[in-house]
Amino acid sequence: MNFKIQLLLYKDNFIKNIVFIAMCAVTVIITTLAVTGFSNYKEAKKHFPDYLNNIYIYSYDSTLYDINMGTCMADFGRNDYSEIMKEREAMIRERFDVDEITSPEGNIYITYFTSGRDPMKALYLQAYDYGGPVFRDIPLAVTEGRLPEPGETNVIILPSLYKSDFKCGQTYGFFASTNILDDFEDQEEPTFRLKVIGFFENPIIPNPLLEVEMDNHMAIAYLTETDREVLMSSSTIFLIKANTELPSEGIKEFMKELGEDPELFYKYDPSYEYGGQKYSLKTQADELKNKVLLSVVLLFVVIMANTYLGLDRISNYIITFMRIGLSRKAAVLNVLFNKLLVIIPGVLAGTIIFKVICDGQNAKVGGVTVSEFYWSTKYAIIAFLLCLAGCLVAHIPFIVKVLSIELQREE
């Protein structure tokens, strides 16, 4: 390509090129958002596998208990419900044929001191405990390392963004608590020592209530029963793994005898969770389809406007280049290459802007928001190629038209 001709074309169409680059960037952002959203929707389904059949969730109404006992609501969440929950566990086992009853812990707040005990040189992250039988086989997209062996505990899998701070195969001492305000000043030794066995990139993970969340700062720990006791859980929830399906009428009768709301003891239904009723994933997926359609339409409109509105001017360029000695083929290729030099910066600009947005936020969403901004190199490349392919396809009519005009002029 002739450098002087490219520079001339760029200067002569400067304003139009700037607008075109901006429109390409917007198109790329929309497309990347849609691609990552659809990918999230697909990944979310993996976390509701078929083996979660006959899982039941029982919740004790601790709020009502606190009110009846005259407990200050400021202490809510720190009260000891262990005796009540032991009593409920015994009653459930006596009444129903169940295999496992697990009291899931919520967020575990983990602190790792990189140097001494200086709070300014510490890493703070959160973790979910997957050591229980209900969680152990939930799939994770491990990008480095491995998943735990059957029955393996005292291990942790971290989000990929912590690769620079932790190494696979090494064991680290963590200070942990279920209370985010703990500072561990009086604790001489770490709460527990966990071996880092892998890293995962996919931020969609189930929380202890089997609700899917998207959080790229949440680790997965596989703790022992002793570790759970040390954390002094105040959980008022049971995950119950039954041998067979429990009778719904029997559950309602059981809850009525306790004087509790029957809605607080229910069967976990994966299809209800991701199918659209609870987290409205289907609605969000439909919205993403609209975004894809808008992106494609916008891309084609911009290209068509950029090409056909200036078709006569481009034809004059080609004739001028031929008069100064270029072949018709070289003249056409110079014009097309110049358009490519405008398209690529637009696509790159959109990709970079999307990355900056992702880096500037904590991608944490309760439930699942499949269209949430978060960075994935794989999905960004897919979106980049889709936009580039769309630009090339949209230029086919333009190329045919230009060649046809030139042939007519030569004849």
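Just above, that's the structure.
Small disclaimer: the values here were computed from a predicted structure and weren't measured.

Criteria and cut-off values
Residues numbered from 1 in each chain as written. Predicted model: local features only at pLDDT ≥ 70, side-chain atom pairs only at ≥ 80, totals over all residues. Heavy atoms only, no water. Phe/Tyr/Trp six-rings, centres within 6.5 Å; stacked < 30°, edge-to-face > 60°. Helix = DSSP H or I, 4+ residues; strand = E, 2+ residues; numbered from the N terminus. Buried < 20%, exposed > 50% of the residue type's maximum accessible area, 1.4 Å probe, protein only. Salt bridge = Lys/Arg side-chain N within 4 Å of Asp/Glu carboxyl O. Arc of directions from axis to C-beta. Contact = heavy atoms within 4.5 Å. Patch = residues over 30% accessible without salt bridge, like charges linked within 9 Å, V, L, I, M, F, W, Y side chains within 5 Å. Areas by Shrake-Rupley, 256 points an atom, 1.4 Å probe, with all protein chains shown as cover. Axes fitted to C-alpha atoms, helices over the stretch in contact; angles between N-to-C directions. Parallel < 35°, antiparallel > 145°, perpendicular 65-115°, else oblique. Left-handed = near helix turned anticlockwise from the far one by under 90°. Lys, Arg positive; Asp, Glu negative; His and termini not counted. Charge placed at Lys NZ, Arg CZ, Asp CG, Glu CD. Nonpolar A, V, L, I, M, F, W, Y, C, P; charged D, E, K, R; others polar.

Next up on the list: the packing of aromatic side chains. Scanning the entire structure with this criterion turns up 14 aromatic pairs. Geometrically, the ring pair formed by Y56 and F265 is edge-to-face, given 6.4 Å between the ring centres and 85 degrees between the ring planes. Here Y56 is found in strand β1 (residues 55-59), whereas its partner F265 is found in strand β13 (residues 265-267), with 209 residues between them in sequence. On the basis of relative accessible area, Y56 is assigned to the buried category, the value being 2%. Judged by its relative accessible area of 3%, F265 falls in the buried class. Here the aromatic cluster, defined as three or more aromatic residues joined through ring pairs, consists of Y56, Y58, F96, F238, F254 and F265.

In this section: the pattern of salt bridges. Any two side chains of opposite charge can pair, given that their charged atoms come close. Overall, the coordinates contain 7 salt bridges when judged by the stated rule. With its nearest N and O atoms 3.4 Å apart, the salt bridge here joins E144 to K163. Residue E144 is located in strand β5 (residues 142-145), and its partner K163 is located in the loop between β6 (155-159) and β7 (171-177); the two are separated by 19 residues in the primary sequence. Three or more residues are tied together by salt bridges with common partners; here these are E87, R88 and E260.

Here we take up helix α6 (residues 248-258). Turning to α6, its buried residues number three or more, namely I251, F254 and M255. Down the axis, α6 shows its buried residues gathered within 95 degrees of arc, on one side only. Relative to its buried face, α6 has exposed residues pointing more than 90 degrees away, namely E249, K256 and E257. Close packing links the buried residues of α6 with β1, α4 (82-95) and β13. Immediately beyond the C-terminal end of α6, within one or two residues, lies G259, with a positive phi of roughly 75 degrees.

A cluster of nonpolar side chains, namely F14, I15, I18 and V19, defines an oily patch on the protein surface of about 400 Å² accessible area. Looking at the secondary structure, you find I18 in helix α2 (residues 14-46). Here I18 falls in the partly exposed class, since its relative accessible area comes to 43%.

This part is about the packing of α2 against helix α11 (residues 377-394). As a packed pair, α2 and α11 sit with axes 9 Å apart at the nearest point and diverge in direction by 130 degrees. Taken together, the axes of α2 and α11 lie oblique to each other. Judged by the sense of rotation from one axis to the other, the crossing of α2 with α11 is right-handed. Along its contact with α2, which presents T27, V28, T31, T32, V35, T36, S39 and E43, the element α11 presents Y379, A380, I382, A383, L386 and C387.

It is worth spelling out a negative patch on the surface at this point. Residues D182, D183, E185 and D186 make up a contiguous surface patch of negative charge. With relative accessibility at 64%, the residue E185 sits in the exposed group.

Along the chain, the position of V28 falls in helix α2. Counting along the chain gives 319 residues from V28 to V347, while the straight-line C-alpha distance between them is 5.9 Å. For V28, the contacting residues outside a window of four places in its chain are G346, V347, G350, T351 and C387.

Next up on the list: the packing of α4 against α6. Packing of α4 against α6 leaves a shortest axis separation of 12 Å and a crossing angle of 145 degrees. In terms of crossing hand, the pair formed by α4 and α6 is right-handed. Facing α4, whose interface residues are R88, M91, I92 and R95, α6 presents G250, E253, F254, E257 and L258. Looking at the contact of α4 with α6 residue by residue, the class counts come to 4 nonpolar, 1 polar and 4 charged.

Here we come to the environment of I180. Within the secondary structure, I180 sits in the loop between β7 and β8 (192-200). Considered as a pair, I180 and Q126 are 54 residues apart in the sequence and their alpha carbons are 9.5 Å apart.

As for its placement among the helices and strands, F384 is situated in helix α11. Sequence spacing of F384 and V28 is 356 residues, and the spatial spacing of their C-alpha atoms is 6.9 Å. In this view, F384 contacts V347, L348 and T351; residues no more than four positions away in its chain are not counted.

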